[in-house]
Amino acid sequence: MLDWQNGHLYSARFGDVYFSRDSGLEEKRYVFLRGNRLADRFGSLQPGTAFSIGETGFGTGLSFLCAWQLFDAVASPGASLDFFSIEKYPLDEEELSAALALWPQLRPYTAGLMLRWRRRVPGWNRWSFAGGRVRLTLAIEDVAEALPETHGIDAWFLDGFSPARNPEMWTQQIFHCIARASRAGASFATYTCAGVVRRALEQAGFQVRKISGFGRKREMLQGELPGPFPVRPAPSTAIVIGGGVAGCAAASALADRGLVVELLESEPFLAAGASGNPIGILHARLSAGMNALHRFVLASYGHALTLLDEKLPVDDVMRSECGELQLSFSAEEARRIEKLAALNWPSHVFRSVDAAEASALAGIELAYGGLWFPGSGWLAPPQLCAALLGSPLITLYTGRTVKSLIRTGHGWCVQTEDQREQVSSLEAEIVVVCTGYQVKSLPALANLPLTPVRGQLTLIPATPASRNLRTIVCGSGYLAPVVAGRHVAGATHRFNDTSINLNVPEHAENLSRLREISPVLQRLSDDVIQDARQLEQLEGRASIRGSAPGAMPLVGKLLPGLYTSLGHGTRGLITAGLSAESVAATACAQLLPLPLSVVNALSPARRISTAAPVSDKG
Ligand code: SAM
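Nothing here was measured: the structure is a model prediction, and the numbers come from that model.

Asker: Report on the overall build of the chain, specifying residues and quantitative values.
Answerer: In terms of helices and strands, the chain carries 19 helices and 32 strands. The C-alpha atoms of the chain give a radius of gyration of 26 Å, which matches the 25 Å a tight globule of 618 residues would have. Principal-axis analysis of the C-alpha atoms gives the chain an extent of 85 × 60 × 40 Å. Here the chain, with 618 residues, has 58% of them falling under the buried criterion. Residue pairs at least 24 apart in sequence account for 72% of intrachain contacts in the chain once pairs closer than 6 positions are excluded. Looking at the chain as shown, the accessible area adds up to about 23900 Å², and 51% of this sits on carbon and sulfur atoms. Counting 57 positive and 56 negative side-chain charges, the chain places the averaged centre of each group 5 Å from the other.

Asker: Explain the packing of helix 3 (residues 62–74) against helix 5 (residues 107–117) residue by residue, including any values.
Answerer: At a minimum axis separation of 10 Å, helix 3 and helix 5 run at an interaxial angle of 125°. When the interaxial angle is binned, helix 3 and helix 5 end up oblique. Note that helix 3 runs across helix 5; the crossing there is right-handed. Seen from helix 3, the contacting residues are Phe64, Leu65, Trp68, Gln69 and Asp72; seen from helix 5, they are Tyr109, Thr110 and Leu113. Residue composition of the contact of helix 3 with helix 5, grouped by class: five nonpolar, two polar and one charged.

Asker: Account for the site of the ligand, with residues named and values stated.
Answerer: Near the ligand you find 22 residues, and of these Gly57, Thr60, Glu87, Asp159 and Asn166 are the closest. Separating an oxygen atom of the ligand from a side-chain N or O atom of Thr60 is a distance of 2.6 Å. Take Glu87: an N or O atom from its side chain is 2.5 Å from an oxygen atom of the ligand. Taken by itself the ligand offers 610 Å² of open surface, and the protein chains cover 99% of this.

Asker: So what's going on with the domain arrangement of the chain? Which residues, and what values?
Answerer: Domain boundaries assigned for the chain yield domain 1 (2–224), domain 2 (237–274 + 382–444 + 550–607) and domain 3 (324–374 + 452–547). Distance between the C-alpha centres of domain 1 and domain 3: 44 Å. Of all residues in domain 1, Arg118, Arg120 and Pro122 bury the most surface against domain 3, accounting for 88% of the area lost on that side. Across the domain 1-domain 3 interface, the total number found is one residue pair in polar contact (both at pLDDT 80 or more). In the side of domain 1 that touches domain 3, the residues fall into two nonpolar, no polar and three charged.

Asker: So what's going on with helix 8 (residues 195–203)? Which residues, and what values?
Answerer: Burial in helix 8 covers these residues: Val197, Ala200 and Leu201. Along the axis of helix 8, the buried positions cluster into a sector of 100°, meaning they face one direction only. Contacts made by the buried residues of helix 8 are with strand 8 (153–158), helix 7 (172–180), strand 9 (182–190), strand 10 (207–212) and strand 11 (219–224). Count one or two residues on from helix 8 and you reach Gly205, which has phi positive near 110°.

Asker: So what's going on with the packing of aromatic side chains? Residues and values would help.
Answerer: Within this structure, the stated rule accounts for 25 aromatic pairs. The interplanar angle of 50° and the centroid separation of 5.5 Å between the aromatic rings of Phe64 and Phe129 together place this pair among those described as tilted. With Phe64 in helix 3 and Phe129 in strand 6 (residues 123–129), this pair connects stretches of sequence that are 65 residues apart. Comparing Phe64 with Phe129, the two get one shared label, buried. A ring pair is formed by Phe350 and Phe373, whose centres lie 5.2 Å apart and whose planes are at 50°; its orientation type is tilted. Here Phe350, found in the loop between helix 11 (331–341) and strand 17 (351–353), pairs with Phe373, found in strand 18 (residues 370–373); they are 23 residues apart in sequence, far enough to count as distant.

Asker: Account for the sheet that holds strand 4 (residues 50–56), naming residues and giving values.
Answerer: Spatially, eight strands are ordered 6-7-5-4-8-9-11-10 in an open sheet, and the strand pairing comes out mixed. Every interior strand has two partners, whereas the edge strands, strand 6 and strand 10, have only one. Averaged over all pairs of adjacent strands, the angle between their axes in this sheet comes to 20°, without regard to strand direction. Sheet strands in contact with helix 8 are strand 8, strand 9, strand 10 and strand 11, and its direction is about 150° off that of strand 10.

Asker: So what's going on with the sheet that holds strand 13 (residues 260–264)? Which residues, and what values?
Answerer: Read across the open sheet, the six strands follow the order 20-13-12-24-32-31; overall the sheet is mixed. The open sheet terminates on both sides in strands that have one partner only, identified here as strand 20 (394–397) and strand 31 (554–559). On average, each strand axis in the sheet is inclined to that of its neighbour by 20°, with strand direction left out of account. Sheet analysis places strand 31 next to strand 32 (residues 562–566), joined by five bridges and oriented antiparallel. Looking across to strand 32, one finds that Gly556 is bridged to Thr564.

Asker: Break down the environment of Cys588 for me, with residues and values.
Answerer: Among the secondary structure elements, Cys588 is positioned in the loop between helix 17 (572–587) and helix 18 (596–602). Look at Cys588 and you get buried, because its relative accessible area is 4%. Counting along the chain gives 353 residues from Cys588 to Pro235, while the straight-line C-alpha distance between them is 6.4 Å. Once residues lying within four places of it in the same chain are set aside, the contact partners of Cys588 are Ala234, Pro235, Arg257 and Leu259.

Asker: With reference to specific residues and values, describe the side chain of Glu506.
Answerer: Tracing the chain through its elements places Glu506 in helix 14 (residues 504–512). Residue Glu506 is classed as buried on the basis of its relative accessible area of 3%. Only 2.9 Å separates the side chain of Glu506 from the side chain of Arg454, close enough to count as a polar contact.

Asker: How would you summarise the environment of Asp531 if you had to cite specific residues and measurements?
Answerer: Position of Asp531 among the secondary structure elements: in the loop between helix 15 (519–530) and helix 16 (532–537). On the accessibility criterion, Asp531 (33% relative accessible area) is partly exposed. With 103 residues separating them in the primary sequence, Asp531 and Ala428 have C-alpha atoms 56 Å apart.

Asker: Let's hear about the nonpolar core: which residues, and what values?
Answerer: Core analysis: the largest hydrophobic core is formed by 78 residues, its most contacted members being Phe42, Phe64, Leu113 and Phe206. For this core, the element with the highest residue contribution is helix 3, accounting for eight residues. Ignoring any residue separated from it by four or fewer positions in sequence, one finds Phe42 in contact with Phe51, Ile53, Ala67, Leu70, Phe71, Val74, Ala75, Ser76 and Leu81. Judged by nonpolar contacts, the second largest core, of 65 residues, contains Ala253, Leu259, Leu286 and Leu298.

Asker: Before we move on, can you summarise the pairing of strand 6 with the specific residues and values?
Answerer: Taking burial as the measure, the seven residues of strand 6 include seven buried ones, the bulk of the element. Across seven bridges, strand 6 lies against strand 7 (residues 134–140) in antiparallel orientation. By the bridge assignment for strand 7, Ser128 is matched with Arg135. Between the end of strand 6 and the start of strand 7, which pair antiparallel, lie four residues, with Ala130 showing a positive phi angle near 50°.

Cut-off values and rules
Residues numbered from 1 in each chain as written. Predicted model: local features only at pLDDT ≥ 70, side-chain atom pairs only at ≥ 80, totals over all residues. Heavy atoms only, no water. Helix = DSSP H or I, 4+ residues; strand = E, 2+ residues; numbered from the N terminus. Rg over C-alpha atoms; globule rule 2.2 N^0.38 Å. Buried < 20%, exposed > 50% of the residue type's maximum accessible area, 1.4 Å probe, protein only. Contact = heavy atoms within 4.5 Å. Areas by Shrake-Rupley, 256 points an atom, 1.4 Å probe, with all protein chains shown as cover. Lys, Arg positive; Asp, Glu negative; His and termini not counted. Charge placed at Lys NZ, Arg CZ, Asp CG, Glu CD. Axes fitted to C-alpha atoms, helices over the stretch in contact; angles between N-to-C directions. Parallel < 35°, antiparallel > 145°, perpendicular 65-115°, else oblique. Left-handed = near helix turned anticlockwise from the far one by under 90°. Nonpolar A, V, L, I, M, F, W, Y, C, P; charged D, E, K, R; others polar. Near = heavy atom within 4 Å. Polar contact = N/O pair within 3.5 Å; in protein donor to acceptor, adjacent residues only side chain to side chain. Domains from an automatic or database assignment. Buried area = accessible area lost by both parts, 1.4 Å probe. Arc of directions from axis to C-beta. Phe/Tyr/Trp six-rings, centres within 6.5 Å; stacked < 30°, edge-to-face > 60°. Pairing = 2+ DSSP bridges. Core = buried A, V, L, I, M, F, W, Y, C linked by side-chain atoms within 4.5 Å.

Put into structure tokens, the structure is as follows:
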């Protein structure tokens, strides 16, 4: 798709250029950075505040990198930048790398973008850079679909090829969406001075000016919406309740935004509940019909991979990027997989494989083909929890059980009891509740629709044949490759069962689910099941997940200053990170990492049972 023509990076699809080889960087700086007076506006940001840019047409990301570089140079260390961009036709890795290789002066920034680019998913992507100081939200979809799903933009880069070549990016409807997604006083800049664009911007409420264009372009447009530029006050203290993956991710996302965080865990150690399994798999179960849940899971999967790249590098003990095979083991699964395969998404997300290729990837003979997720793998959730708490702004208190939450004049007071029944209280401007199903013990939150679901996994001693397994294989149950001599097989579901003792029938269930996957695993399963003593001696772990209606977690604001990240069910390793971003962005009045319709679908306030109204008094 990309081509060079007369020194310009050219799109054959649109018959137009991305930028010029000689002056592309200077042109972006002139049109978008100067056109929006960003040096001054970045320079005057107060610590703790965020500035948000919106862009139509991410292309090579050059405008993003220029904006980041300027922000780095002039903004106060405590301020942060949100960059929201939309791209319907993303470049592949090679094209992006070739395009950005032109600008050695941007290399430190380009390298970070390239690392995340290989994790991109269709739909929304949220990537953090520079320890969270810069956040990129990239919507890989049509501009008309993405624009109504965001708000809170301070400055716009209108960069969608020329209006003559790509009129869809410059319609009246698009400018109305842009105005609606803007904050008061928001500015825009664009290289075009086409009358149709000027009139449409005016019609949408912008004050529009023509100024001198860059280089040979005589004129360009800039302007702003009327109204004072509001200051968004951000909180500076937070209490997070719950030391599992959801709570540790929330603490990390808040600390990235400069908040001082106290993390409370009732057990004497982190990851005591469902996050304490020795190994967890990254299982993105998607459907071709992209409802709110599946948009959320897909965005979360892409986000989780970049978060793991940053916090938990691949090694033999903590994390493996061994890939996952989701197998067409039933007629229903085959239909789901066929529909997904027909989407033709980039193969780094997933691709369709037949049984022969699946077997070659897995290293053992498999009975079915299916979908191959090369970026998936397993990780040790307790290690991830620990890795998320690296910031000096986070203090962990273990052995502290929360007894009540009481609203105060400027936040919340959290009363806790330690294991010697000593009572103490902590105060903060915001509280994020991440206790999983145990939220039922907190009076103010007892009406949240959460169901406990017991899950048991089984540790199976490897056989010489099963040791060849190289990937996660997933039918109605799953099996991970051998780690420390054993495979993890999982997992059972027992609704409303809160016991955590291991039991033999659930081991047998995990084992028998492997039989359908492969002849090798059938032998492994049969050998263990037929030997009653071996079955009884199997090790494993049982824990309780919290499940919310429709498997849609309860993420967001419940009451002023009170947020939840709950109900992640079996998907917490995938969804906890992006949920934490969403909660932290909401609490700090920053640009949201997810489409507004998905944020609304996740909202705990909208889904709380109305039978007994929520009281904020503990
Ligand atoms: N800002 C970019 C940069 O820094 O490299 C250049 C953007 S380029 C001029 C315009 C971009 O808009 C292209 O990457 C193109 O694929 C994208 N685009 C065109 N039509 C679109 C649509 N309907 N929705 C979303 N993106 C679109």
